Amino acid sequence: MQLQVARIGKPHGIRGEVTVQVLTDAPGDRFVPGTEFVVEPASAGPLTVNSARWNKDILLLGFDEIGTRNEAETLRGAKLFIETEELDEDDDEGWYEHELVGLEARVGSKVVGKVAALNTGTAQDLLMVTTPEGKEILVPFVEQIVPEVNVEEGFILLTPPDGLFELNAEDEAAASEPEEKA
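Residues numbered from 1 in each chain as written. Predicted model: local features only at pLDDT ≥ 70, side-chain atom pairs only at ≥ 80, totals over all residues. Heavy atoms only, no water.

K.L.:
Quick question: what am I supposed to make of the pattern of salt bridges here?
P.N.:
Opposite charge on two side chains permits them to pair, given that their charged atoms come into close proximity. Inspection of every chain in the model, using the stated rule, returns four salt bridges. The salt bridge involving E17 is made with R53; its shortest N-O contact spans 2.8 Å. One end of the pair, E17, is in strand 2 (residues 17-22); the other, R53, is in strand 4 (residues 47-55), and 36 residues separate them in sequence. What makes E17 buried here is its relative accessible area of 14%. Overall, R53 belongs to the partly exposed group, its relative accessible area being 40%. Linking E40 and K79 is a salt bridge whose minimum nitrogen-to-oxygen distance equals 3.9 Å. You can see E40 sitting in strand 3 (residues 36-40) and its partner K79 sitting in strand 6 (residues 79-83), a full 39 residues away along the chain. For K79, a relative accessible area of 27% translates into the label partly exposed. (Salt bridge = Lys/Arg side-chain N within 4 Å of Asp/Glu carboxyl O. Helix = DSSP H or I, 4+ residues; strand = E, 2+ residues; numbered from the N terminus. Buried < 20%, exposed > 50% of the residue type's maximum accessible area, 1.4 Å probe, protein only.)

K.L.:
It is not clear to me how the confidence of the model for the chain should be interpreted in this structure. Could you clarify?
P.N.:
Note: predicted coordinates in regions of low pLDDT should not be interpreted at a detailed level. When pLDDT is averaged along the chain, the result is 81, and 82% of the positions lie at 70 or above. Taken together, the stretch residues 86-91 has pLDDT below 50 and engages in six contacts with residues farther than four places along the chain or on a different chain. (pLDDT = per-residue confidence, 0-100. Contact = heavy atoms within 4.5 Å.)

K.L.:
Can you help me understand the sheet that holds strand 10 (residues 136-140) in this one?
P.N.:
Strand pairing in a sheet relies on backbone hydrogen bonds. The paired strands run either parallel or antiparallel. Read from one edge to the other, the open sheet built from six strands follows the order 10-9-8-7-12-11, with strand pairing classed as mixed. This sheet does not close on itself; its edge strands, each paired only once, are strand 10 and strand 11 (148-150). Adjacent strand axes in the sheet meet at a mean angle of 35 degrees, parallel and antiparallel pairs treated alike. Sheet topology places strand 8 (residues 110-119) next to strand 9 (residues 126-130); five bridges connect them, and they run antiparallel. Note that in strand 9 the partner of A117 across the bridge is M128. (Pairing = 2+ DSSP bridges. Axes fitted to C-alpha atoms, helices over the stretch in contact; angles between N-to-C directions.)

Put into structure tokens, the structure is as follows:
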């Protein structure tokens, strides 16, 4: 099985470097020169890292196969994967996005939505839960709010603070309403 570790963003400079959204907690181990990635779409890869450097909080990657800004532009939105056999199997701490997406989100026995994405952040991660009505709710992925993740049975258990789902829904509704002019 393959594990997504990054999503390619826009080109950086004229020598074919690209920005990447890092989706792994070990970028120093994953993005070293010589590492070969499986790419989705397959027509864009495989890609072999020849340089990796940080520009402020953004990781910039260069690949052996990409030498110009125009070539780098064709990679925008591509996903980088590694084979999971490369991973340490004794790492029981945490979950990967592909394990969480599609799980039912439950509060008690009530299904309140499905996990649509995992947004990784520096301070904490957020689960994006899509409600049956199609609203997107961001839920802090911390043990106090998500005490149980049961991948085998296909659900996560939530203990959200009062108003979390309502507050997110109100913020979304307010953002979609046009402002009145006085």
